[in-house]
Amino acid sequence: MKKMFIVSAIMLFAVGAMTSCKDSVENGCKCTIKASYAGQSDSREMDVEAEELKAEGYKSCSAFAADAEKEAKKEMPAGASVSVSCKGK
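Let's talk about the overall build of the chain
Each helix and strand counted, the chain has three helices and three strands in total. Ordering the α and β elements of the chain from the N terminus gives α-β-β-α-α-β. Looking at the chain residue by residue over its 89 residues, the buried ones come to 19%. With an accessible surface of roughly 6800 Å², the chain has 60% of that area assigned to carbon and sulfur atoms.

Pasting the structure below:
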């Protein structure tokens, strides 16, 4: 019983570590920006360097994506949609 608990705990920590690495800004973030307006849609990818993210105080790519999406929505005309998603490199 103890052995099963220990193995389960180790697996849980391993999965948590793998998930957090995907969102880490340590190596920068790879972001995808999708926008649509008046029947037209566009998708772009961009790399954001770790130094830039750290200088701005970001600790995760998802936090950067949320702020970037919020700012992009301010710039978009009414009726347009935009989404930003980022993951660690």
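Considering the nonpolar core
The nonpolar side chains of a soluble globular protein tend to be buried with one another. In terms of nonpolar packing, the biggest core is built from eleven residues, these being Val25, Cys29, Cys31, Val48, Leu53, Tyr58, Cys61, Phe64, Ala65, Val84 and Cys86. Within the residue set of this core, elements represented by two or more residues are β1 (29–37), α3 (61–75) and β3 (81–88). Among the elements that line this core, the one with the most residues is α3, at three residues. Apart from the residues within four sequence positions on either side, cysteine 29 is in contact with Met46, Asp47, Val48, Leu53, Cys61, Cys86, Lys87, Gly88 and Lys89.

Observations regarding α3
With 15 residues, α3 extends 21 Å from end C-alpha to end C-alpha; this agrees with the ideal 21 Å at 1.5 Å per step. Along α3, the positions that sit buried rather than exposed are Cys61, Phe64 and Ala65. The buried residues of α3 occupy an angular sector of 100° when projected down its axis, which confines them to one face. Of the residues in α3, the exposed ones pointing more than 90 degrees away from the buried face are Lys70 and Lys74. Tucked inside the fold, the buried residues of α3 contact β1, β2 (40–48), α2 (50–55) and β3.

Criteria and thresholds
- Residues numbered from 1 in each chain as written.
- Predicted model: local features only at pLDDT ≥ 70, side-chain atom pairs only at ≥ 80, totals over all residues.
- Heavy atoms only, no water.
- Helix = DSSP H or I, 4+ residues; strand = E, 2+ residues; numbered from the N terminus.
- Buried < 20%, exposed > 50% of the residue type's maximum accessible area, 1.4 Å probe, protein only.
- Areas by Shrake-Rupley, 256 points an atom, 1.4 Å probe, with all protein chains shown as cover.
- Core = buried A, V, L, I, M, F, W, Y, C linked by side-chain atoms within 4.5 Å.
- Contact = heavy atoms within 4.5 Å.
- Expected span 1.5 Å × (residues − 1).
- Arc of directions from axis to C-beta.

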